Amino acid sequence: MNAAKSIGEECIAMLGNLIAYDTTSVKSNLQLIEHVQNYLNDLGIESHLTFNKENNKANLWATIGPPDKGGIVLSGHTDVVPVADQNWTSDPFSIVQRGDRLFGRGTSDMKGFVACVLAHAADMKRRDLKIPLHFAFSYDEEVGCTGVLGLIDDIIDNRPLPIAVIVGEPTSMQIIGGNKGGRTLRTEVHGVDGHSSRPELGANAIMAAARIIGFIENLQNRLRDKADPDNGFVPPYTTIDLGMISGGAANNVIPALCEFSWGFRMIPTDDVEALEAEVLQFIDREITPSLKAISPNASVITKRGIDIPALLPDENSPAEFLLRHLTGLNRSGRVSYGTEAGHFQKAGMPGVIFGPGSIKQAHLPDEYIEVDQMHQCSEFLTKLTDWAENEGM
Ligand SMILES: [Zn+2]
């Protein structure tokens, strides 16, 4: 027999177990959840699931320590992005170590953090925690941070409000106190078709869409020009996505339909409702009346897709305070991608983003995490457990 594994090695072994479940967002995560539930059960830790409507995906919540107190939430998503059309050197769902890197889908984003948390469960359970530590593992993060909403509702309805949330997205173990939010939108312009030799008899949906897009571009320029260059975000203003457009059938036919997908990645101090309303008001004022003048059936319809609130930096929040205290780091950064932290903050739970691995590896083929990052995360969790046992807040 070898000597007992160090807790850092247990984190890595656990990561291998989790990577083996293909939890691409489009698939069920229940096999992984069941594995985690059985594992926790064997340690005497109860867990509670909240399901999606179809009952094929679940969030897992577990508490170690006094259940009647707030506590610290360790939050991670269990789903991963697809590997389709990516060129992997080895099987993405079988962990492989090459040098000091561990390869597999989700190693950085973000089963690495979840694995570390689970590998520390036995130690946490053994201690006499004064402040509870909660596990919050979600589904459907990668498709718009929607799964965690059921888990948050369950906290609000049934549990003491947690003191702070650590969202373990890959930040290379640096504290991230703010992230941009995201809102996706899709606009359909319904015009009136006709022969292109008589444009005055039709309503050209592509030209109408182009005017809306021109307005959106001007809005983007205004947001850029009023940016506070020191707010820590890159770039330091709300950006507008415009990623897809389609419309028209032939060059000699007036197009009756043009659709485009757009949206905002907003800094926390911008009001996305107001920004969206500005565009919709322009459409109502300038575009719809000219289409309707040709036909009452013409219209412009805008639908919302994904909605992820931004995380507003709060350097005095208990979450930042705790992380600075435990890590000795004295500054926190900002990121431009959405996370679940904004949903927690909106529900009254201050959060920070802090986890092993680098976002640079996320979503790419041959995603990896450095072995050292796993050990650093493990050391951090030991410090957190010590704190929860000895000091509290
Ligand atoms: Zn992630």
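For clarity, every value in this text was computed on a predicted model and none was experimentally measured.

A word on the overall build of the protein. For the protein, the helix and strand inventory stands at 10 helices and 17 strands. With the principal axes as the frame, the protein shows a C-alpha extent of 85 × 45 × 40 Å. The burial tally for the protein puts 44% of its 393 residues in the buried class. Within the protein, contacts between residues at least 6 apart in sequence are counted, and of these 80% link residues at least 24 apart.

Before going further, it helps to spend a moment on the sheet that holds strand β13 (residues 257-265). Read across the sheet, four strands follow the order β11-β13-β9-β14 without closing on themselves; strand pairing throughout is antiparallel. At either end of the open sheet lies a strand with only one pairing partner, and these are β11 (239-247) and β14 (299-308). Direction aside, neighbouring strands of the sheet carry axes that sit 15° apart on average. One ladder, built from eight bridges, connects strand β9 (residues 182-190) with β13; its direction is antiparallel. For T184, the partnering residue across the bridge sits in β13 and is G263. In the packing of helix α6 (residues 205-225) onto the sheet, contacts are made with β9, β11 and β13, and the angle to β11 comes to roughly 170°.

Let's shift gears to the nonpolar core. A general trend in soluble globular proteins is that nonpolar side chains are found buried together. Residues L15 and I72 are the most contacted members of the largest nonpolar core, which totals 96 residues. Both domains that furnish three or more residues to this core are identified here as domain 1 (7-179 + 309-390) and domain 2 (182-307). Beyond its immediate chain neighbours, meaning those up to four positions away, L15 contacts I95, L102, T107, K111, G112, A115 and M374.

All right, on to the domain arrangement of the protein then. Domain parsing of the protein yields domain 1 (7-179 + 309-390) and domain 2 (182-307). Distance from the C-alpha centre of domain 1 to the C-alpha centre of domain 2: 37 Å. Contact residues are listed per partner, giving nine residues for domain 1 and nine residues for domain 2. Residue composition of the side of domain 1 that touches domain 2, grouped by class: three nonpolar, five polar and one charged.

Quick look at unusual backbone geometry now. Note that the residue after D109, namely M110, is joined by a cis bond; omega there is -10°. Here M110 is to be found in helix α3 (residues 107-119). Each neighbour pair has its own omega, and for V234 with P235 the value is -15°, a cis peptide bond. Residue placement: P235 occurs in the loop between α6 and β11. Even without a glycine there, the phi angle at H363 is positive, about 70°. Mapping H363 onto the fold places it in the loop between β16 (351-353) and β17 (368-370).

For T63, the location among the structural elements is in strand β2 (residues 58-64). On the neighbour-count criterion, T63 (23 C-beta atoms within 10 Å) is buried. The sequence separation of T63 and K125 amounts to 62 residues, and the corresponding C-alpha distance is 9.6 Å. If sequence neighbours within four positions are ignored, T63 has contacts with P132 and H134.

Between α6 and helix α7 (residues 272-292), the least distance of the axes is 10 Å, while the angle of their chain directions is 150°. Here α6 is positioned roughly antiparallel relative to α7, judged by the angle of their axes. The two elements α6 and α7 cross, and the hand of that crossing is right-handed. The segment α6 lies against α7, with A208, R211, I212, F215, I216 and L219 engaging L275, E278, V279, F282, I283, E286, I287 and L291. A breakdown of the residues in the contact of α6 with α7 according to their chemical character gives 11 nonpolar, no polar and three charged.

Read across the sheet, three strands follow the order β4-β5-β17 without closing on themselves; strand pairing throughout is antiparallel. Edge strands, defined here as strands with exactly one partner in the open sheet, are β4 (96-98) and β17. Taken over all neighbouring pairs, the strand axes of this sheet differ in orientation by 30° on average, direction set aside. Pairing analysis gives three bridges linking β4 to strand β5 (residues 101-103), with the strands arranged antiparallel.

Helix length check: helix α1 (residues 7-19) (13 residues) gives 18 Å between terminal C-alpha atoms against 18 Å at 1.5 Å per residue, within 8%. Restricting attention to buried positions, one finds in α1 the residues E10, C11, I12, M14, L15, L18 and I19.

On to α6. In a regular helix each residue adds 1.5 Å, so 21 residues correspond to 30 Å; α6 covers 30 Å between its end C-alpha atoms and thus fits that length. Looking at α6, one finds that the buried residues are A205, A208, A209, I212, I216 and L223. Seen along its axis, α6 keeps its buried residues to an arc of 100°; they face one direction. Exposed side chains of α6 directed beyond 90 degrees from the buried face belong to G214, E217, N218, N221, R222 and D225. Of the surrounding elements, those touching the buried residues of α6 are β9, β11, β13 and α7.

Conventions adopted
- Residues numbered from 1 in each chain as written.
- Predicted model: local features only at pLDDT ≥ 70, side-chain atom pairs only at ≥ 80, totals over all residues.
- Helix = DSSP H or I, 4+ residues; strand = E, 2+ residues; numbered from the N terminus.
- Buried ≥ 20, exposed ≤ 12 C-beta atoms within 10 Å, placed from the backbone.
- Contact = placed C-beta atoms within 7 Å.
- Pairing = 2+ DSSP bridges.
- Axes fitted to C-alpha atoms, helices over the stretch in contact; angles between N-to-C directions.
- Core = buried A, V, L, I, M, F, W, Y, C linked by C-beta atoms within 7 Å.
- Domains from an automatic or database assignment.
- Nonpolar A, V, L, I, M, F, W, Y, C, P; charged D, E, K, R; others polar.
- Parallel < 35°, antiparallel > 145°, perpendicular 65-115°, else oblique.
- Left-handed = near helix turned anticlockwise from the far one by under 90°.
- Expected span 1.5 Å × (residues − 1).
- Arc of directions from axis to C-beta.

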